[in-house]
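# Chains, contacts and geometry: an overview
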There are 2 protein chains.
Amino acid sequence: MMASDVAAYKEARAALIDEDRSFRRDRHSIPSSDEAKADRLVREIRAAEASSIWKQEYPSIPHPFPGMEFLTGREIIVKTQLFAILSKMPKGALLHAHLDATVNASFLLKIALKQPALHVRVPQRLTASNISSILPHFRALPQNEFSNAPSLTDMSYEAETWVSLQNARGNFDISLGGPEEFDKWVIGSMMINPKEAYDTHNTIAKIWEKFISTFMVSTGLIRFAPIFPEYIREFFKTSIEDGISYIEARINFLYKHMVGIDGQENIPHRDWLLMFDDVLKEVKAEMKAQGREDEFIGARIIYTTIRFITPEELDWYLEDCIALKKEFPHLIAGFDLVGNENELKPLIDYIEPLLRFRERQKEEGLDIPFIFHAGETLGDGSVADMNLYDAILLGTKRIGHGYSLVKHPKLIDTCREKGIALEVCPISNEILRLTSSTLMHPLPILLNNGVPVALCSDDPAVFGNMGLTFDFFQVLVSSEITGLSTLSKLARDSLEHSTLDGEEKRRAITAWEKQWAKFIEEFLREHDRSTCLVA
Amino acid sequence: MMASDVAAYKEARAALIDEDRSFRRDRHSIPSSDEAKADRLVREIRAAEASSIWKQEYPSIPHPFPGMEFLTGREIIVKTQLFAILSKMPKGALLHAHLDATVNASFLLKIALKQPALHVRVPQRLTASNISSILPHFRALPQNEFSNAPSLTDMSYEAETWVSLQNARGNFDISLGGPEEFDKWVIGSMMINPKEAYDTHNTIAKIWEKFISTFMVSTGLIRFAPIFPEYIREFFKTSIEDGISYIEARINFLYKHMVGIDGQENIPHRDWLLMFDDVLKEVKAEMKAQGREDEFIGARIIYTTIRFITPEELDWYLEDCIALKKEFPHLIAGFDLVGNENELKPLIDYIEPLLRFRERQKEEGLDIPFIFHAGETLGDGSVADMNLYDAILLGTKRIGHGYSLVKHPKLIDTCREKGIALEVCPISNEILRLTSSTLMHPLPILLNNGVPVALCSDDPAVFGNMGLTFDFFQVLVSSEITGLSTLSKLARDSLEHSTLDGEEKRRAITAWEKQWAKFIEEFLREHDRSTCLVA
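Heads up: these notes are all about the structure in this document. Since the structure is predicted, the reported quantities are computational estimates derived from the model, not experimental observations. (Residues numbered from 1 in each chain as written. Chains lettered and ligands numbered in written order. Predicted model: local features only at pLDDT ≥ 70, side-chain atom pairs only at ≥ 80, totals over all residues. Heavy atoms only, no water.)

### A few points about the interface of chain A and chain B
This is how the line gets drawn: Note on contacts: a residue pair is in contact if any heavy atoms of the two residues lie within 4.5 Å. Throughout this description, the term salt bridge denotes a Lys or Arg side-chain nitrogen within 4 Å of a carboxyl oxygen of Asp or Glu. Nitrogen and oxygen atoms within 3.5 Å of one another constitute a polar contact, given that in protein one can donate a hydrogen and the other can accept it, and given that sequence-neighbouring residues count only through two side-chain atoms. Strands are runs of DSSP state E lasting at least 2 residues, helices are runs of H or I lasting at least 4, and numbering of each runs from the N terminus. As a working rule, the residues Ala, Val, Leu, Ile, Met, Phe, Trp, Tyr, Cys and Pro are called nonpolar, Asp, Glu, Lys and Arg charged, and the rest polar, with Gly in that last group.
Listed as interface residues are 53 residues of chain A and, on the opposing side, 53 residues of chain B. At the junction of chain A with chain B, the criterion picks out four salt bridges. The shortest N-O distance in the salt bridge between arginine 13 of chain A and aspartate 390 of chain B comes to 2.8 Å. On the surface where chain A and chain B come into contact, there are 23 residue pairs in polar contact (both at pLDDT 80 or more). When residues of the side of chain A that touches chain B are traced back to their parent elements, those giving at least two are helix H1 (3–20), helix H13 (351–364), helix H14 (383–393), helix H15 (409–418) and helix H17 (443–448) of chain A. For the side of chain A that touches chain B, the element with the highest residue contribution is H1 of chain A, accounting for ten residues. A per-class count over the side of chain A that touches chain B returns 26 nonpolar, twelve polar and 15 charged.

Next up, the structure:
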């Protein structure tokens, strides 16, 4: 055998690898020399940290590895140099987040405590032995119903009696840990902890029960007119700080009213949008005043309701969505149905109202794209998996999750060819037990097949993955192909596949490109000083 | 909207589903009406058991579900009607099993106890506190070295002193549980238990440490000339009882000699094959005498060594393989390199000897196909993942595992077009922590892409998935698309993609078809009596 045989083999090998990766969307952009240099440095840092920080022993973490279970690995992640780098990266758009789960639970509690109208009740007096299994029920009451009950822990507490939030906290029994433990109890009821995700609720069905329960708790605080705008403002601001420049938030319009300042459930959807619009204008103005308008292009709303309603009930929501779109054309970005696909109604059950919705839009001269959740499942040929066929046939603009898309060769081709982007939520998928670590996530299959992808956080308030840095981090450390250029393409694709149109989209992308160039430049400058840490 | 719109939609939907599944290899066979009926019944039983037996509470199983972790779910699986049905199914060929891990550990211990030459030693006296962390080291000794040491638990035991296996068992201290606990200790050292897989060793790196350790233990018993034929005989017989009609076993030829009856390490590879051939002839004759020759077509050997040797050392093994092929052309089926791909040498490191091997075969007029392990990894672009490119470029006939193949669109097409079958080992992959349950396994992606697949057990003695029934079971309950016709295609494909040639292969398939028809017939007869159980 001659050396030329080996050379010929290696040439054929390089050609095969190249062909295999030819669909990748990060193959077609030629990075600047600065970006190529930054990409190399990031790979070096990743490799160095994989064999240093991820190989150490941690008392509370039995088996650390890059891409590990997020809720256990989080405390390591935040200590890495890679995380610090990514936190400064311009992320593009956040296209898949449920508004009700976008703001830090402790912030929500803090603003709620300023509202004397907010009350809390429980089905039995809280004690040391029952506190871990009892959830708070929150609601704003009319002033004439304000409660004098002293606390949830008082011997005199009667089941389901309202206690003002401020009293419930202030008088939380010292034997249970006092106000500090009250906070932990409330915050814990709105989040998933590692023991739940990886032990007591370690199946898809069980973790969804816990997941849903967090919304039942937080809705009592968020769906209150004085809280709602503050909540949205915090969401926008923390997103901007994380490098997110545009948002399409899913809002759950299932409840037809929000509770007003008077404690009555009387604020219709139209007013929700007015509040959203006001906060949006205010934050944009503030950014402009700081000369940072490029960092926040804006935000829109994907109208959602839950897939347990009847097809007849869906008609009402579709008409409601049409009415809102007519009044707020700049705010309504699309329509979706949400909830656990494994247990609720499949899209095909709603086919009549959904087809009618398209007709109605034509009549009204509107364009409200479907942006459906579909295939958020491990099922193979299950109704949840089959939702993908309907989402695509109904012309969905993007797919929420699409976790099971990788099983469908024809649908993969369709997504690539028609530019149907997937809103991929790696940390959400892992915590909701579709995958055990980011290493098992099907994202590399999508990328190698050239399916456009936007990384998303889904429900960061519940999962603790605020912003997009954590999701980008998990993706970056879970693949040796993925580099800074891949993340750049993911960020750009999030804007490319937003519902922004012509001029707006061009502006958003141009602004992001400027941020990106600045990010690379600052990274290289910063890194030159710290080369010794890596080498 | 008109009813005709809905009808048109549903027609388009059916066409899309059909197109999406058009690569499936189970789409092209038209089942007999009996098979179609059996397929429907099996689906009914599966659905009934999913909502009965899998929804019950089990004291020792926190969260049962179909397709769950095998080591925890096993005790439920064996109680199902579906398992009883599949245990009678003709499985076709077993194409991926490492001989050293194919026979029940308790059987191995039983036959070992009949050999006075077999001895055992440990690095320190066994006590209640150290027994769970100490592994036995077995070896046959020459008669003049037979030991009189009383036991491993005796106060007088000196570290690393040999004790005869019979004494070690008979005198195992009663405070440690006596002979029964000795058996448990030895058997446990050759298997992976649920606590190890799902708790203490719950990462790929850690479980591989435990996995490798089981081979270090069992090799001392198996690699002994009086044991080896008995071991192979049991492997063949239990495989036949499970419905396996043909076997290609991977034998590890790393050690150049086996220990002979005289306690000397002096039995060369040639003699291993003679023993294999003798047992094979004997078992075939026995089956023929029983009029069951259709149930066992035969067995062949895939020559393997371990991917930690140097390229220079590999040359020796390749020449050894060629010599054995010349003498036993009917036994040597192919060549492979085994071991943890994530940590050992990639195929590309051996490219020179491997290319030379092809040349040498041409010179010798031989055909020894590569049947490489490749892509048994969660890596994306890692060396283990990249092994897939080399396996395919080197012309591998099949791929062992190919777990990461689904990330490679071009390689998937190549496997479909060239008929490169994947040896898929669902339970092995789950226990070795590539996937957390069969639900997350990429098999459905392979099937929908039309990649030929043979289900395999890999190392059933270590995992407890003896035969192929367990692997077929896990696959059947993890997908709503998969039915009896899919399993039939998988079984047939295992023969189709074996190294059997022309006439032999035809005979094997014809024999299997007869068995299959009988299986369907008996299933339908049996089932008619028990319809009430399902309905």
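### Regarding the pairing of strand S8 (residues 298–306) of chain B
Residues and elements named next belong to chain B. The test is simple: Any residue under 20% of the maximum accessible area for its type is buried, any over 50% is exposed, and the rest in between are partly exposed; the area is computed with a 1.4 Å probe on protein chains only. Following DSSP output, two strands are said to pair if at least two bridges run between them. Convention used here: a crossover is right-handed provided that the path from the first strand, over the helix, to the second strand proceeds clockwise when the strands point away from the viewer.
Across the nine residues that make up S8, a large majority, nine, are buried. Of the two faces of S8, the one carrying Gly298, Arg300, Ile302, Thr304 and Ile306 and the one carrying Ala299, Ile301, Tyr303 and Thr305 are both buried. Relative to S8, strand S5 (residues 244–252) runs parallel, the two sharing seven bridges. In the strand pairing of S8, alanine 249 is matched with isoleucine 301. The pairing of S8 with strand S9 (residues 332–338) spans six bridges and is classified as parallel. Among the inter-strand pairings, threonine 305 is bridged to a residue of S9, identified as leucine 337. Handedness of the S8-helix H12 (residues 311–327)-S9 crossover: right-handed.

### Re the nonpolar core
Which entries qualify depends on this criterion: To define a nonpolar core, start from buried Ala, Val, Leu, Ile, Met, Phe, Trp, Tyr and Cys residues and group those joined through side-chain atoms within 4.5 Å. Domain start and end points were adopted from an automatic or database domain assignment.
Ranked by internal contacts, the top residues of the largest apolar core, which has 372 residues, are Phe236 and Phe335 of chain A together with Phe236 and Phe335 of chain B. Taken domain by domain, this core gets at least three of its residues from each of domain 1 (84–105 + 215–515) and domain 2 (116–189) of chain B.

### Considering helix H12 (residues 311–327) of chain A
All names here are of chain A. To keep things clear, this is the line we draw: To estimate the expected span of a helix, count its residues, drop one, and scale the result by 1.5 Å.
With 17 residues, H12 should reach 24 Å at 1.5 Å per residue; the first-to-last C-alpha distance of 25 Å fits that figure. Those residues of H12 that fall on the buried side of the exposure criterion are Leu314, Tyr317, Leu318, Asp320, Cys321, Ile322, Leu324 and Lys325. Against helix H11 (269–289), strand S8 (298–306), strand S9 (332–338) and H13 lie the buried residues of H12.

### Points about helix H3 (residues 70–77) of chain B
All names here are of chain B. Buried residues dominate H3, accounting for six of its eight residues. Residues of H3 that are buried: Phe70, Leu71, Thr72, Gly73, Ile76 and Ile77. The secondary structure elements touched by the buried residues of H3 are helix H4 (81–87), helix H8 (194–200), helix H16 (426–431), helix H18 (460–463) and helix H19 (469–477).

### Some points on unusual backbone geometry
The backbone of aspartate 458 of chain A sits at a positive phi, close to 70 degrees, despite the residue not being glycine. Using a relative accessible area of 2% as the deciding quantity, one classes aspartate 458 of chain A as buried. Unusually for a residue other than glycine, histidine 401 of chain B sits at a positive phi of about 75 degrees. Considering the arrangement of structural elements, one finds histidine 401 of chain B in strand S11 (residues 398–401).

### Description of the relation of the copies chain A and chain B
To keep things clear, this is the line we draw: Copies overlap after least-squares fitting; the atoms used are the C-alpha atoms of residues with pLDDT of at least 70 in both.
You can overlay chain A on chain B at an RMSD of 0.0 Å; the transform is a turn of 180 degrees with a shift of 0.0 Å along its axis. What the rotation and shift describe, once combined, is the action of a two-fold rotation axis. If distances are taken from each C-alpha of chain A to the rotation axis, the shortest is found for serine 436 of chain A, at 3.2 Å. Most of the interface of chain A is mirrored in chain B: 100% of its interface residues are interface residues there too.

Without other data, these values stay purely geometric and don't point to any function.
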